[in-house]
Amino acid sequence: MSKVASKTKERELLGFTSPDKLRELNKKRSRLMTDKVTDISSAVRTLVHDGDYIGIGGFGMDRIPASALHEIVRQKKKHLTMAGHTATHDGQILLGGGCVEKVDAAYVVGVELVGLSPNCRRIFQEGKVQVTEWTNATLAWRYKAAAMGLSFLPVRTMLGTETIKHSKAIEFKCPFTGITYALVPACSPDISIIHVPRADKYGNCQIDGIIVSDIDLAKASKRLIITAEEIISTEEIRKSPERTVIPYYLVDAVVHIPYGSYPGNMPGKYYLDLEHLREWMKAEKDPKVFEEFIDKHIYSTKNFEEYLELCGGKEKLEKLRALEHVENITMKPRHHDTITPNTTEFMICTASHFLEDGKTAVVGTGLPMLASMLAQKTHAPNLLLMFEAGGIAPLLPALPLSVGDSRTFHQGLVATSMPDIMETCARGMVDYAFLGGAQIDRYGNLNSTVIGEDFDKPKVRLPGSGGANDLASLCWQTIIIMKMDKHKFVEKLDFLTTPGYLSGKDSREKSGLPANTGPFKIITDYCVLSFDKVTKEMQIESLHPGITLEDVQNRCSFKLKAQTDNIPITKEPTSKELEILRREIDPNGQVISK
């Protein structure tokens, strides 16, 4: 292979161990089935060391090892490097406790539909952590490389963007095809913690629902703590060995902690505690208030059981158990005294019209979810929905609050892993990626990483790529939904996170991204935009009712052309669409009322 690009700005390679060194470490690991049950305090004291690279199982707010993370903070572990693989509440805990010095950032500071963490943003914006950028797929594939005993894997994502420039991936040409690939280095965490529904005393683990990257994470890690809702007998494990996804010889400690993912979601057992997550967010706005909050909820509690009692105890946990079993919940739709859609509802309905029956879409949090659900309930009943954490074709019972929560695989056809979803995209089997962003330029490139010129001390730290770069790189077409504003539709992005048509014309293909892919439509609160077939520049396809060409141009920092001389008017939502949206999809107004 021949190198075709070099880094414009070097970042530190975090979490890398050579395959041969990892082999030697694994050679020394015991293969004996010994009782590994211990308490969380002892497990953290013995296995988590200052300066470790820590991998965290689960995804977002789904199946996170919250109890173990509390104990890490309680023991005041320092100088950790965190794998920010959709680090939502797990990131809030470790960063809030001052435990983290360096971050491999795929998705950070965001807590999905709950919002952006004020404390985490302060830490990033003040340059208190050292950051290397990745995407959700590339960080997952880094675990996979280590799990395979390799030093890297070639992938077809991040190409042409600033995300790759701030990573430690290297661009190479394939000797067989001449196509440019990104080589992502293996990642072998010093310590990883994975929360599972059940395990035996030796560490044989079963997981219900989506796997995310936990199988590869377990194989890639040098040490592994398992926290479990339930300890079952090995005889029970042996009755269904096909359900055992993490074998005992990868595990160093097993800790029995019921509700150990709280306030996160444990599939089949309890839903996330949105109320408590909002309490965290509110407290984080004021550093002094948050310091008192952390002291009350972690430092002043002797264990996780005390924390659970502090947050509502048995009564609260029973409510969350009932909420997880959504078929028992009766939704109470809000009263609507108008049939006129607000701008958010108009955008959702318009976006849904572009999702065709029989197509496949991977959807992101928020507006894309609502538009996809609406399409399924109206004109596209055979629209196949996928979620990047592993859910395929669920029967969505209610609006998911995360792309990984249990609703994203509720009565689904498949509950798989993040690598499997991304590899399905890479094979050309997904028609649409459905995304949003903070900034967009004339070629449909997106920024969701930083606002400001200084990457290390940005004016505003945003979540990062998450899966956006991967999906926009690998799916056939990208649908983008975002409100129109001069600060969002910019001449030059502060950071090119996710590829559109890069610099226009054939630059996307020249970068190594698959041919005939790229942005398709942009749905805004003023108009629908598409792209010129030759130049790949953004153009106006339709204007929303009552909106003029001047209105649109005043909200865009670059000159927009119209697709035709007589610009059509965007079709208005029907009363049926609004009724479904308000009464069935988002009856509590979590999104449409914003």
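Residues numbered from 1 in each chain as written. Predicted model: local features only at pLDDT ≥ 70, side-chain atom pairs only at ≥ 80, totals over all residues. Heavy atoms only, no water.

### Here we look at the overall build of the protein
Point 1. A tally of regular secondary structure across the protein gives 20 helices and 28 strands.
Point 2. By the compact-globule yardstick of 25 Å for 594 residues, the protein fits well, its C-alpha radius of gyration being 23 Å.
Point 3. With the C-alpha coordinates aligned to their principal axes, the bounding extent of the protein is approximately 75 × 60 × 50 Å.
Point 4. Put simply, the protein has 594 residues, and 61% of those count as buried.
Point 5. Taking the contacts inside the protein whose residues are at least 6 apart along the sequence as the reference set, 76% of them involve residues at least 24 apart.
Point 6. Averaging the coordinates of the 74 positive side-chain charges in the protein and doing the same for the 75 negative ones gives two points 3 Å apart. (Helix = DSSP H or I, 4+ residues; strand = E, 2+ residues; numbered from the N terminus. Rg over C-alpha atoms; globule rule 2.2 N^0.38 Å. Buried < 20%, exposed > 50% of the residue type's maximum accessible area, 1.4 Å probe, protein only. Contact = heavy atoms within 4.5 Å. Lys, Arg positive; Asp, Glu negative; His and termini not counted. Charge placed at Lys NZ, Arg CZ, Asp CG, Glu CD.)

### Describing empty space enclosed by the protein
Point 1. Tallied over the entire structure, the rule returns one cavity of 30 Å³ or more.
Point 2. Of the pockets and cavities examined, the largest cavity occupies roughly 30 Å³.
Point 3. Around the largest cavity, the lining residues are Phe124, Val129, Val131, Phe455, Asp456, Pro458 and Arg461.
Point 4. When the residues that make up the lining of the largest cavity are grouped by side-chain class, the tally is five nonpolar, no polar and two charged. (1 Å grid on protein atoms, 1.4 Å probe; cavity = no way out; pocket = protein on both sides within 12 Å on 5 of 7 lines; lining within 4 Å. Points joined across faces, edges and corners; volume = space filled by probe spheres on them. Nonpolar A, V, L, I, M, F, W, Y, C, P; charged D, E, K, R; others polar.)

### Quick word on the layout of surface pockets
Which parts of space are left empty comes out when a probe the size of a water molecule is rolled across the atoms.
Point 1. Empty space within the largest pocket amounts to approximately 1,400 Å³.
Point 2. Surrounding the largest pocket, 40 residues form its lining, Thr365, Gly436, Gly437, Ala438 and Pro463 being those nearest its centre.
Point 3. Mapped onto the lining of the largest pocket, the elements with two or more residues apiece are α14 (343-352), α15 (367-377), β19 (432-435) and α17 (468-474).
Point 4. Residue composition of the lining of the largest pocket, by class: 19 nonpolar, 16 polar and five charged.

### Let's talk about the packing of aromatic side chains
Point 1. Scanning all chains against the criterion turns up eleven aromatic pairs.
Point 2. Relative to Tyr249, the ring of Tyr248 lies with its centre 5.4 Å away and its plane at 80°, an arrangement referred to as edge-to-face.
Point 3. We classify Tyr249 as partly exposed; its relative accessible area is 42%.
Point 4. Relative to Phe495, the ring of Phe455 has its centre 5.7 Å away and its plane inclined at 25°; by these criteria the two rings are stacked. Highlighted residues: Phe455 in the loop between β22 (450-451) and β23 (460-461) and Phe495 in the loop between β24 (477-481) and α18 (507-511), separated in sequence by 40 residues. Of the two residues examined, Phe455 and Phe495, each falls in the buried class.
Point 5. A network of ring pairs unites the aromatic residues Tyr262, Phe304 and Tyr307 as a single cluster.
Point 6. Across the ring face of Tyr299, the terminal group of Lys76 is positioned such that the distance to the ring centre comes to 5.5 Å.
Point 7. Seen from the ring of Tyr271, Arg407 lies directly overhead, with NZ or CZ sitting 4.1 Å from the centre. (Phe/Tyr/Trp six-rings, centres within 6.5 Å; stacked < 30°, edge-to-face > 60°. Lys NZ or Arg CZ within 6 Å of the ring centre and 35° of its normal.)

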